[in-house]
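Here are the chains, one letter per residue:
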Amino acid sequence: MVCHPPVKINLGLNVLRKRPDGFHDLETLFIQSGQFRDSLEVIKADDWSRSLAELGGLYPPECIAQDISPDGKLMITVARREGVDWPVLKDLCAKAYFLLDGDFGLPPVKIYLEKKSPVGAGLGGGSADAAYCLKMLNELCGLGLEREQLLPYAARLGSDCALFLYDCPVFGEGRGEVLRPFSLPIGIGGEYRLEIVVPEGISVSTAEAYRGIVPAIPEIRLEEALKRPVEEWKDLIVNDFEKSVFKEHPQLAAIKQSLYDSGAVYAAMSGSGSALFAIYRS
């Protein structure tokens, strides 16, 4: 069973207030994009993969990491051109398996993940992998869980994971984990096209992005701003992280301006960065 998880961008991101639990309430619109996709395969342990199991022939050894869980039930292999610099048993795909295994006693499986989406760019590639892994394990192991039953597992894996259980734009509130499908008034892929730019050599941590944040309620809330003509978004829809992140990485502000110079009707940073995106008329 093979799938190709996409990435997401945040169209607008308002940090509204700090919560008593130390997190922040926010509002944002998540839009999935297939511009970057990973490849993910999940098979039962006694199966043989014809697709991703031969990653060794595609990548040099230093670009592949593999491990087996202490109980021997999970073997996970991750390949990435830039190398794999995280413990693969702590990868979100492995955590997805452990969560479901704890409640349903899953059979032994093998997970093969080929990372093609940018890491540390604010595009949620790892979250997408985890959400798709939940869906694949659900189907492969015959759990019969509906999306509403999978959502709590996705939320436990990360605030961005649950959005990838939907196949449409999703409005996020709370910490980003309170989700509802949203009808975007423009057609991305129709009248408008979306392009993502990932600057080389710049990675922004969420903690870094939050350091300069001053929470505030915008005069025009995001949901209302999204109903305005796209040509007005430039003055209405903001990513609150841009102010602090652009101060530390002025080259990102320059890239955003270059997107407008190239004809974009709207451009912004996605999430906490460093990726940016532009919307153009098709």
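Up top is the structure.
Residues numbered from 1 in each chain as written. Predicted model: local features only at pLDDT ≥ 70, side-chain atom pairs only at ≥ 80, totals over all residues. Heavy atoms only, no water.

Q: I'm lost on the sheet that holds strand 1 (residues 2-3) in this one. Help?
A: Strand-to-strand pairing in sheets goes through backbone hydrogen bonds, with the strands running parallel or antiparallel. With respect to topology, 5 strands assemble into an open sheet ordered 1-4-7-6-5, the strand pairing being mixed. The sheet is open, and its two edges are formed by strand 1 and strand 5 (64-68), each paired on a single side. Where strand 1 meets strand 4 (residues 39-44), 2 bridges bridge the pair, whose relative direction is antiparallel. Within the sheet, the bridge partner assigned to V2 lies in strand 4 and is E41. Sheet contacts for helix 1 (residues 92-104): strand 4, strand 6 (74-80) and strand 7 (109-115); angle to strand 6, the most-contacted strand, approximately 160 degrees. (Pairing = 2+ DSSP bridges. Helix = DSSP H or I, 4+ residues; strand = E, 2+ residues; numbered from the N terminus. Contact = heavy atoms within 4.5 Å. Axes fitted to C-alpha atoms, helices over the stretch in contact; angles between N-to-C directions.)

Q: Hey, could you run me through the pattern of salt bridges in this one?
A: If the charged atoms of two oppositely charged side chains come close together, the side chains can form a pair. A full pass over the atoms with the stated rule returns 17 salt bridges. The salt bridge partner of E191 is R281, with a shortest N-O separation of 2.8 Å. Taken together, the residues span a long stretch of sequence, with E191 in the loop between strand 9 (178-181) and strand 10 (192-197) and R281 in strand 12 (residues 276-281) at a distance of 90 residues. Judged by relative accessible area, R281 falls into the partly exposed class, the value being 42%. Residues participating in the shared-partner salt-bridge network are R17, R19, D21 and D25. (Salt bridge = Lys/Arg side-chain N within 4 Å of Asp/Glu carboxyl O. Buried < 20%, exposed > 50% of the residue type's maximum accessible area, 1.4 Å probe, protein only.)

Q: What should I look at first to understand the packing of aromatic side chains in this one?
A: We describe a pair of aromatic rings using the distance from one ring centre to the other and the angle between the two ring planes. According to the stated counting rule, one finds 6 aromatic pairs in the structure shown. Arranged with centres 6.0 Å apart and planes meeting at 70 degrees, the rings of Y97 and F98 form a pair that is edge-to-face. Judged by relative accessible area, Y97 falls into the buried class, the value being 0%. Pairing Y266 with F277 gives two aromatic rings, centres 6.1 Å apart and planes at 45 degrees, and the pair type is tilted. Here Y266 is found in strand 11 (residues 266-269), whereas its partner F277 is found in strand 12, with 11 residues between them in sequence. The burial state of Y266 is the same as that of F277; both residues are buried. Each member of the aromatic cluster is reached from another via a ring pair, and the members are W233, Y266 and F277. Seen from the ring of F23, R175 lies directly overhead, with NZ or CZ sitting 4.8 Å from the centre. (Phe/Tyr/Trp six-rings, centres within 6.5 Å; stacked < 30°, edge-to-face > 60°. Lys NZ or Arg CZ within 6 Å of the ring centre and 35° of its normal.)

Q: Where do I start with the layout of surface pockets in this structure?
A: Sizing a probe to match a water molecule and rolling it over the atoms shows the empty space that remains. As a volume, the largest pocket reaches approximately 780 Å³. At the level of secondary structure, the elements contributing two or more residues to the lining of the largest pocket comprise strand 2 (7-18), strand 3 (24-33), helix 2 (125-140) and helix 4 (206-211). Among the elements that take part in the lining of the largest pocket, strand 3 stands out by supplying 4 residues, more than any other. If you trace the second largest pocket, you find 18 residues lining it, with R80, E82, S117, P118 and V119 closest to the centre. (1 Å grid on protein atoms, 1.4 Å probe; cavity = no way out; pocket = protein on both sides within 12 Å on 5 of 7 lines; lining within 4 Å. Points joined across faces, edges and corners; volume = space filled by probe spheres on them.)

Q: I keep staring at the side chain of K256 and nothing clicks. Help me out?
A: Tracing the sequence through the fold places K256 in helix 8 (residues 250-261). Residue K256 is classed as buried on the basis of its relative accessible area of 19%. If sequence neighbours within four positions are ignored, K256 has contacts with E242, F246, A267, A268 and L276.

Q: Can you help me understand the side chain of N14 in this one?
A: Inspection of the secondary structure puts N14 in strand 2. Here E27 takes part through its side chain, which lies 2.8 Å from a polar atom of the side chain of N14. Apart from the residues within four sequence positions on either side, N14 is in contact with D25, L26, E27, P218, L222, V238 and D240. (Polar contact = N/O pair within 3.5 Å; in protein donor to acceptor, adjacent residues only side chain to side chain.)

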